[in-house]
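Coordinates in review
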Amino acid sequence: MSKTRAFLKWAGGKYGLIEHINRRLPEGRMLVEPFVGAGSVFLNSDYDAYLLADINADLINLYQLLKQTPETFIRDAAALFVDVNNEKSAYYAYRTAFNQERDPYRRALLFLFLNRHGYNGLCRYNKKGGFNVPFGAYKRPYFPEKELWFFAEKAQKATFVCQGYDQLFAQARSDQVFYCDPPYAPLSSTASFTTYAANGFTLDDQAILARLARETAAKGVPVLISNHDIPLTRELYRDASLDVVAVKRTISRHGHNRKKVDELLALFYREAVTFECSQRAAS
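So, here's what we can say about the structure. (Residues numbered from 1 in each chain as written. Predicted model: local features only at pLDDT ≥ 70, side-chain atom pairs only at ≥ 80, totals over all residues. Heavy atoms only, no water.)

Examining unusual backbone geometry
Note on backbone geometry: most residues besides glycine have negative phi, and most peptide bonds are trans. Although it is not a glycine, N120 adopts a positive phi angle of roughly 60°. Position of N120 among the secondary structure elements: in the loop between α6 (104-117) and α7 (145-154). Judged by its relative accessible area of 46%, N120 is partly exposed. One non-glycine residue, A137, adopts positive backbone phi at about 55°. Assignment of secondary structure puts A137 in the loop between α6 and α7. (Helix = DSSP H or I, 4+ residues; strand = E, 2+ residues; numbered from the N terminus. Buried < 20%, exposed > 50% of the residue type's maximum accessible area, 1.4 Å probe, protein only.)

The structure is reproduced here in structure tokens:
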């Protein structure tokens, strides 16, 4: 089966893990993603409906507008992808305009432009909420027209919301399956990891997410989480079924330092049934 790429460049995107994730995702009517990111799992899975969330308001705004008016949006976005705009001065002028822009439509167009022209596909904001990714200096930035159309068509099955992961779990229903791709736990105490929105994802959040996954699975709603395979995550996910996958990932700004890093896929599923069975056996 051929895979579909996301139209956004995204640090930590799941395109390379799709086959592994799909093999472990249980069946259900609706896939819920509290950390949708660029949407590779959404684009390459087959559910009747999707509930896709992120705390990055710019990302969700872009997805909502692309879903509603794809033809107009794609045409207007293409107009920004011209040679004269692939210059450092033009990029920084557009970045300043984006940080001052209040119109949702114009902001979404600029967000796509900055994503494809900025350094390494990063999405980063300063403490004041200003987008601060430097110019990428690509020879010819790709305009992802085909990918935008595919996303827009599939988005007709999706609802996009700007909500935190805890809000999504609070609304969990029996016909849903959760896939969580949180900002990964750091590989070491000195490692820094990208903050995708103005408010970061802490180690406390890692623990809360694991607890919510456990509690939600106990109600019969499966939850699959991906993260680095480190002692911390193995402890947090000790009640889940664990699979290890080696993925080529850039963990340094230097390309020659790319190496395989073990990732963990933790499936929390039907603990309630197991608990009931053990209770009966004990009585």
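Next comes the rest of the account.
Remarks on the nonpolar core
Judged by nonpolar contacts, the single largest core of 58 residues is most densely connected at F7, L8, L25, Y63, L112 and F151. If you tally residues by element for this core, the top one is α6, at seven residues. With near-sequence residues (within four places) excluded, L8 lies in contact with A38, L59, L62, Y63, L112, N115 and R116. Counting 27 residues, the second largest nonpolar core, distinct from the first, contains L51, C180, L212 and A266. (Core = buried A, V, L, I, M, F, W, Y, C linked by side-chain atoms within 4.5 Å. Contact = heavy atoms within 4.5 Å.)

Some points on the pairing of strand β2 (residues 49-53)
In terms of burial, β2 is largely enclosed, as five of its five residues are buried. Residues of β2 alternate between two faces, with A49, L51 and A53 on one and Y50 and L52 on the opposite face, all of them buried. Two elements, strand β1 (residues 30-33) and β2, share four bridges in a ladder whose sense is parallel. Each bridged residue has a counterpart across the sheet, and for E33 the counterpart in β2 is L52. For β2 and strand β3 (residues 158-161), the ladder comprises four bridges, and the chain directions are parallel. Paired with L52 across the two strands is F160, which belongs to β3. (Pairing = 2+ DSSP bridges.)

With respect to the side chain of S40
By secondary structure assignment, the location of S40 is in helix α2 (residues 40-43). Judged by its relative accessible area of 8%, S40 is buried. Discounting chain neighbours no more than four positions away, the residues touching S40 are A6, K14, Y15 and I18.

Topic: helix α5 (residues 88-100)
In an α-helix, one turn spans 3.6 residues; hence positions three or four apart end up facing the same way. Its 13 residues place the ends of α5 19 Å apart at the C-alpha level, agreeing with the 18 Å of an ideal helix rising 1.5 Å per residue. Inspection of α5 places A90, Y91, Y94, R95 and F98 among the buried residues, and these make up the whole buried set. Along the axis of α5, the buried positions cluster into a sector of 135°, meaning they face one direction only. Turned more than 90 degrees away from the buried face of α5 sit K88, S89 and Q100, all of them exposed. Where α5 is buried, its residues meet α3 (57-68) and α6. (Expected span 1.5 Å × (residues − 1). Arc of directions from axis to C-beta.)

Quick notes on the packing of aromatic side chains
One pass over the full model with this rule turns up 24 aromatic pairs. With centroids separated by 5.4 Å and ring planes inclined at 50°, the aromatic side chains of Y63 and F160 adopt a geometry described as tilted. With a gap of 97 residues between them, Y63 in helix α3 and F160 in strand β3 connect regions that are remote in the sequence. Residue Y63 is classed as buried on the basis of its relative accessible area of 0%. Taken together, the ring pairs in this structure connect F7, F42, Y47, Y50, Y63, F151 and F160 into an aromatic cluster. Of note, K9 hangs over the ring of Y138, and the distance from its end group to the ring centre comes to 3.6 Å. Above the ring of F42, the side-chain terminus of K154 is found at 5.6 Å from the ring centroid. (Phe/Tyr/Trp six-rings, centres within 6.5 Å; stacked < 30°, edge-to-face > 60°. Lys NZ or Arg CZ within 6 Å of the ring centre and 35° of its normal.)

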